[in-house]
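# Architecture and fold: a report
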Amino acid sequence: MRGLAVMVVVVGVLGAASALPSRVLTNPEVNPGCDVDCEEPWVVMTAGMTTDSTLFHLWGAKEALSFLVVAATGGLDANITVDWAALRNGSAGSITFPSKPSHVFGFVIPSLILYNDADDAGAFKNQNESVRVPVSDFTWSAQTLPESDHEAAVLLQTTHFQGNVLPNDTRLLIQVAAYGEDGRSTVLPHLLRTPDSAQLDLVLDNFNLNISEETQTWKEARWGMDVVVFSSEHNTTEEDAEIKFLTQKSLDDEHTPGVFNLDQISTTGARTGAKGGGYLQWRPVSYLTSDRDINEATTPNINTSLPQLDSLTDPLKASLAYAVLGDNLTLPGGAVTTVISFGQSKDKFYTAENYTTWTVALGEGSPPEETFSTLIVVIICIGVALPTIMLLGGCVALGVRRYRRRSANSLLAHQE
């Protein structure tokens, strides 16, 4: 049992050694210092600071949904300058820093996709009956959530569609939070979080839009979305800097019951452990009820080919990604495109529950690795140690018994 205790202590020490330094987060600000018409949440920002570094989180809903992490240079003196008039006009470089950031990573959602899945395939496969709904068709509100030193959160929510007020129960909700310390989300699927990460929780709640007379007739409708993942970790050749999709399998579903895979999109730096890099990480599960029960869940499907972004659409030119990186988005390794769609065969389509979630972590550096928790390690150790101890105890008892029997026989023989 002493060996077991030593093993548990070693596990704890290793976990502590791998932890990143904690960050103190500033309160999230919506459109700070905006001097033009900023009725919607164009820029939401918070900063996580250690004793010598600053990591900025930028989120926004200007023409497209944008989520960025920016590893600033200049230590605690780093800051952000926004040219609000230039941002309104969609100009490159409208968001600047005193010195060039060491790395920028993030993703943009320029449009949603509604498709009629008549074949019940689940994933979006360019079905003939489909329509793209630009994010710019929505009006957004932002609400800052209760503050703490190690968490800064904002709730983004749709209020209007194509100028018309949405019913109170028809909502696209996005709760996004930055974290200042290692841990695990309290909400299923309980993703890991680090001081260099944020988490986005997207909910399509009763999201039945009056897009056209045709879409109103679709009985097998599902939702998806276009996604552009970008990084400043680009080079002159695609081999030097690549954004790739990977999936990991695990024997443990302790934190996300019934889900044994962990999907991620990462840059070369994130995969190799080099300085910089960025990642998206999620469990391949989308819950269909607010209870988040695995028995009422479907699959977030992704196009894993990740083709390079070769041209900039108007929504991208108006996004925060373009405001920070400009035309560098089209450099080799600068950005890739994909589609994420929600559904699997026989899940009865979106209208069965009118509710779908997708939760993803967005981070700077290398993604955290799922490991067995200390509790599971202790249980495994006990499961191995106890039988071993019992076997050894039995062998010792048998040996002692035989030794005593032989001693007794020898004594009788001597007396005779």
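Residues numbered from 1 in each chain as written. Predicted model: local features only at pLDDT ≥ 70, side-chain atom pairs only at ≥ 80, totals over all residues. Heavy atoms only, no water.

## Notes on the nonpolar core
It is characteristic of soluble globular proteins that their nonpolar side chains tend to be buried jointly. The biggest cluster of nonpolar side chains holds 51 residues, and the ones touching the most others in it are Phe 67 and Phe 107. Apart from the residues within four sequence positions on either side, Phe 107 is in contact with Leu 65, Ser 66, Phe 67, Leu 200, Val 227, Val 228, Val 229, Phe 230, Leu 280, Val 360 and Leu 362. Among the nonpolar cores identified, the runner-up in size contains 33 residues, and Cys 38, Val 43, Ala 64 and Ile 80 belong to it. (Core = buried A, V, L, I, M, F, W, Y, C linked by side-chain atoms within 4.5 Å. Buried < 20%, exposed > 50% of the residue type's maximum accessible area, 1.4 Å probe, protein only. Contact = heavy atoms within 4.5 Å.)

## Details of the state of the cysteines
The tally for this structure, following the rule as stated, stands at 1 disulfide. Sulfur-sulfur distance for the disulfide between Cys 34 and Cys 38 comes to 1.6 Å. Between Cys 34 and Cys 38, the S-S dihedral sits near 55°, and the bridge is therefore right-handed. Cys 34 gets classed as partly exposed once you look at its relative accessible area, which sits at 22%. For Cys 38, a relative accessible area of 17% puts it in the buried group. (Disulfide = S-S within 2.5 Å.)

## What to know about the pattern of salt bridges
Evaluated as defined, the whole model comprises 8 salt bridges. With a shortest N-O distance of 2.7 Å, Arg 222 and Asp 117 are connected by a salt bridge. Residue Arg 222 is located in strand E17 (residues 221–231), and its partner Asp 117 is located in the loop between strand E8 (103–116) and strand E9 (130–134); the two are separated by 105 residues in the primary sequence. For the pair formed by Arg 222 and Asp 117, the shared burial category is buried. Of the charged contacts in the structure, one is a salt bridge between Asp 226 and Arg 132, with a shortest N-O distance of 2.7 Å. (Salt bridge = Lys/Arg side-chain N within 4 Å of Asp/Glu carboxyl O. Helix = DSSP H or I, 4+ residues; strand = E, 2+ residues; numbered from the N terminus.)

## Thoughts on the packing of aromatic side chains
As enumerated under the stated definition, the model contains 9 aromatic pairs in all. Each ring, one from Phe 56 and one from Phe 97, has its centre 6.0 Å from the other, and the planes form 40°; the classification is tilted. Placement of Phe 56 in strand E4 (residues 54–60) and of Phe 97 in the loop between strand E7 (95–96) and E8 is noted, with a sequence separation of 41 residues between them. Comparing Phe 56 with Phe 97, the two get one shared label, buried. (Phe/Tyr/Trp six-rings, centres within 6.5 Å; stacked < 30°, edge-to-face > 60°.)

## Structural notes on the confidence of the model for the protein chain
Within the protein chain, residue pLDDT values average 89, and 86% of them lie at 70 or more. This stretch, residues 1–17, has a pLDDT under 50; its non-local contacts, to residues over four places away or in other chains, come to 8 contacts. (pLDDT = per-residue confidence, 0-100.)

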